[in-house]
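Examination of the molecular architecture
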2 protein chains.
Amino acid sequence: MARQGPRRHPGASVAGADGAAGDREPGAGPSRREKEEAPGYDPRAFPPFAVTVDLAVFTVREQRLQVLLVQRGEDPHRGDWALPGGFVLPDESAGSAARRELAEETGLSARTVHHLHLEQLRTYSEPDRDPRMRVVSVAYTALLPDLPEPRGGGDAAKASWTPYVSLPSLAFDHALILGDAYDRVGAKLEYTCLATSFCPDLFTLGELQQVYETIWGVELDRPNFRRKVLATPGFVEAVEGPPRRTGGRGKPAALYRAGTAAALHPPLLRPEGRPS
Amino acid sequence: MARQGPRRHPGASVAGADGAAGDREPGAGPSRREKEEAPGYDPRAFPPFAVTVDLAVFTVREQRLQVLLVQRGEDPHRGDWALPGGFVLPDESAGSAARRELAEETGLSARTVHHLHLEQLRTYSEPDRDPRMRVVSVAYTALLPDLPEPRGGGDAAKASWTPYVSLPSLAFDHALILGDAYDRVGAKLEYTCLATSFCPDLFTLGELQQVYETIWGVELDRPNFRRKVLATPGFVEAVEGPPRRTGGRGKPAALYRAGTAAALHPPLLRPEGRPS
DNA sequence: CTCCTTAATAGTCATGTTGACTATAAATGC
DNA sequence: GCATTTATAGTCAACATGACTATTAAGGAG
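Residues numbered from 1 in each chain as written. Chains lettered and ligands numbered in written order. Predicted model: local features only at pLDDT ≥ 70, side-chain atom pairs only at ≥ 80, totals over all residues. Heavy atoms only, no water.

A tally of helices and strands in chain A yields five helices and nine strands. When the 276 residues of chain A are sorted by exposure, 53% land in the buried category. Considering only contacts within chain A whose residues lie at least 6 apart along the sequence, 65% involve residues at least 24 apart. Here chain A has roughly 12300 Å² of accessible surface; of this, 51% comes from carbon and sulfur atoms. (Helix = DSSP H or I, 4+ residues; strand = E, 2+ residues; numbered from the N terminus. Buried < 20%, exposed > 50% of the residue type's maximum accessible area, 1.4 Å probe, protein only. Contact = heavy atoms within 4.5 Å. Areas by Shrake-Rupley, 256 points an atom, 1.4 Å probe, with all protein chains shown as cover.)

Below you can see the structure in the form of structure tokens.
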């Protein structure tokens, strides 16, 4: 792992620009710091990094878990599919960049994007993950209900929902990122309430159950699922005047909306598989 | 959140250097890209970011949860306490940088550090988190057993274990990072086996229980805790010839070592509090 | 309109896990 | 020896879960 021998990195003289304690140097060794040029920081003296965000955006559509992908128009990997994302701008946080990019890619209103669940997944920083230069990418995961018009306007030339089970090969390490995101989403369904993020404002318990079944790839017992969800305070709340959903063939189902609880106690564990 | 209006960032002409699809621009707007200067990437054209790692290193010492802190020798925040950490070097990943820095700070052998549990926590990227320049920090969490000589040699001038309950004010956003790390560790005790990371090679179930009690700040029923741990395959494994621990006053306890399982099914839930 | 199918909802029962407790065993320190 | 301390064994009720069965309320076929 620590493939790095003692070596002074550029900008060591201004070490401490962040969490780094100023009196620390990468290489240790007998010769500690002798002098310090305290003032006059030169950003260029640091190893040059680009910082991007990548988004693993999931939805449940047509009974399948689907992912938002865009097609690259530039080398490298021109023409390959990739996760939506982009550069973090000089005065925004990675989270802001992720929301901004998501709005652009999906064509959702900034207000809608502002309210949806967007969670930081993990940061990918392998030195060779981009062939041209050092790029560190902060990955985010977003969960959307099935949208009327899934592929957005904005400036995303080619974007489309793709079933997770039939992914094309992806640019860079995006397959790795997407795999991590999938594992995380599956695991979070167990002990959080965020399955409701995949549902529209009003939904039936059957629809909520389908979210679990689709993502976990298992079948759940309907009465037991229902009992569990209703027994968890704040998971869902029944809608007032019993309006019932039309369209289907069987008995109409009661409608619910997402509750205020975030965690599930005790959790709703998957039948057999281990969480990631 | 998206405090950023339409604006072209430097280096837009080489957008797509990473997860970014090349045909995307930060600012949308009617005027899409007209021409592309494909080859000849200039790293300097990107917004300059420095990338660091920060480490939240926990141990259980003297019945208390303690954190490894270092004292800054440079402005800003000179003299303040901070998390150990440092810059990511040009050809190492953030994870490698974290291990390297941890070895330096604690004086542990590279081999020891290589084997311990080091987990990426989250990345902190608020634009103003460092007053001088844009610094994005990838935070890691490490869990150590009570070490013989806790404060390391290396080049960490002033490093020391500090009880989590009596933290000084910390530099930058390190109090935020540490709070997130604490929440994460507490939550992970519930559904993973990593409490054993706080224990030495051989330990008693009482010691393992103290880890939970110390971090969660609750008292657990001893027989119930024992029953749960032993019922979870792979959590701990009994040591062969029943050697028993001396020194204490009561009946000697059997010794165990960490098992191979990573997850706890079903989880060992905290008495009342919610997970983070 | 009636029967059949489909889906939602209600309820039952055995099993397994948990929390609260009691009991016994094996060491130390007067 | 005896109280104290800690480890370990075991009990029992409450609760949660998995596997079912039963009932209700719609749509569709004839």
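So, on to the protein's contact with DNA strand C. Near DNA strand C you find 21 residues, and of these Arg222(A), Arg226(A), Ala254(A), Asn224(B) and Arg227(B) are the closest. Atoms of DNA strand C within 4 Å of the protein belong to the sugar or the phosphate in 55% of instances, the rest to bases. Between a base oxygen of DNA strand C and a side-chain N or O atom of Arg227(B), the distance comes to 2.5 Å. At 3.1 Å, a backbone N or O of Arg249(B) approaches a sugar or linking oxygen of DNA strand C. The set of elements that each furnish at least two residues to the surface near DNA strand C consists of α5 (222-231) of chain A together with α5 (222-231) of chain B. Class assignment for the residues of the surface near DNA strand C results in seven nonpolar, four polar and ten charged. (Near = heavy atom within 4 Å. Polar contact = N/O pair within 3.5 Å; in protein donor to acceptor, adjacent residues only side chain to side chain. Nonpolar A, V, L, I, M, F, W, Y, C, P; charged D, E, K, R; others polar.)

Attention now moves to the domain arrangement of chain A. All names here are of chain A. The domain boundaries assigned to chain A delineate domain 1 (50-190) and domain 2 (192-258). Here the C-alpha centroids of domain 1 and domain 2 sit 27 Å apart. With 17 residues of domain 1 at the interface, the matching set in domain 2 holds twelve residues. In total, about 1400 Å² of surface goes out of reach between domain 1 and domain 2, with carbon and sulfur atoms giving 67% of it. Taken together, the links from domain 1 to domain 2 amount to zero salt bridges. At the junction of domain 1 and domain 2, the tally comes to five residue pairs in polar contact (both at pLDDT 80 or more). Top element by residues in the side of domain 1 that touches domain 2 is helix α3 (residues 174-191). It accounts for six residues. Class assignment for the residues of the side of domain 1 that touches domain 2 results in nine nonpolar, four polar and four charged. (Domains from an automatic or database assignment. Buried area = accessible area lost by both parts, 1.4 Å probe. Salt bridge = Lys/Arg side-chain N within 4 Å of Asp/Glu carboxyl O.)

For the rest of this paragraph, the subject is the protein's contact with DNA strand D. Taken together, 20 residues lie near DNA strand D, and Asn224(A), Arg227(A), Arg222(B), Arg226(B) and Ala254(B) sit nearest. Counting only the atoms of DNA strand D that lie within 4 Å of the protein, the sugar and phosphate share comes to 58%. Asp221(A) is positioned with one of its side-chain polar atoms (N or O) 3.5 Å from a base nitrogen of DNA strand D. Separating a base nitrogen of DNA strand D from a side-chain N or O atom of Asn224(A) is a distance of 2.9 Å. Put simply, the parts of the chain that give the surface near DNA strand D at least two residues each are α5 of chain A together with α5 of chain B. Partitioned by chemical class, the residues of the surface near DNA strand D number seven nonpolar, four polar and nine charged.

A word on α3(A). Residue and element names in this part refer to chain A. Helix length check: α3, at 18 residues, gives a terminal C-alpha distance of 26 Å against a target of 26 Å (1.5 Å per residue), a fit within 8%. Within α3 the residues assigned to the buried category are His174, Ile177, Leu178, Gly179, Ala181, Val185, Gly186, Ala187, Lys188, Leu189 and Glu190. Close packing links the buried residues of α3 with β1 (50-61), β2 (64-71), β3 (81-82), β5 (118-124), β6 (135-144) and α4 (205-216). (Expected span 1.5 Å × (residues − 1).)

The next point concerns the packing of aromatic side chains. Residue and element names in this part refer to chain B. Per the counting criterion, the structure on display carries nine aromatic pairs over all chains. An angle of 70° between the planes, with centres 5.0 Å apart, marks the rings of Tyr212 and Trp216 as edge-to-face. You can see Tyr212 and its partner Trp216 sitting in helix α4 (residues 205-216), four residues apart, about one turn around the helix. The exposure classification of Tyr212 matches that of Trp216, with both residues buried. Ring geometry for Tyr212 and Phe225: centres 5.4 Å apart, planes at 65°, overall edge-to-face. Of this pair, Tyr212 sits in helix α4 while Phe225 sits in helix α5; the two residues are 13 residues apart in sequence, bridging distant segments of the chain. (Phe/Tyr/Trp six-rings, centres within 6.5 Å; stacked < 30°, edge-to-face > 60°.)

Residues and elements named next belong to chain A. Estimates place the volume of the second largest pocket at around 620 Å³. Thr204, Gly206, Arg222, Lys251 and Ala253 are, among the 24 residues lining the second largest pocket, the residues nearest its centre. Counting only elements with at least two residues in the lining of the second largest pocket, the list comes to α4 and α5. With six residues, the top contributor of residues to the lining of the second largest pocket is α4. In terms of residue class, the lining of the second largest pocket is built from eight nonpolar, eight polar and eight charged. (1 Å grid on protein atoms, 1.4 Å probe; cavity = no way out; pocket = protein on both sides within 12 Å on 5 of 7 lines; lining within 4 Å. Points joined across faces, edges and corners; volume = space filled by probe spheres on them.)

Two quantities define a packed helix pair, namely the angle between the axes and the distance from one axis to the other. Residue and element names in this part refer to chain A. Put simply, α4 and α5 touch, their axes get as near as 10 Å, and they point 100° apart. One finds that α4 runs roughly perpendicular with respect to α5. Counted together, Leu205, Gly206, Leu208, Gln209 and Tyr212 of α4 and Arg222, Phe225, Arg226, Val229 and Leu230 of α5 form the full contact between these two elements. Looking at the contact of α4 with α5 residue by residue, the class counts come to six nonpolar, two polar and two charged. (Axes fitted to C-alpha atoms, helices over the stretch in contact; angles between N-to-C directions. Parallel < 35°, antiparallel > 145°, perpendicular 65-115°, else oblique.)

Our next topic: the pattern of salt bridges. Under the definition given, this model contains 24 salt bridges over all chains. We note a salt bridge from Arg184(B) to Glu119(B), for which the minimum N-O separation is 2.6 Å. Remark: Glu119(B) occurs in strand β5 (residues 118-124) and Arg184(B) occurs in helix α3 (residues 174-191); sequence separation between them is 65 residues. Among the salt bridges present, the one from Asp130(B) reaches Arg132(B), with a minimum N-O distance of 3.0 Å. The partly exposed category is assigned to Arg132(B), whose relative accessible area is 22%. Connected through salt bridges with shared partners, the residues Glu92(A), Arg100(A), Glu101(A) and Glu104(A) form a single ionic network.

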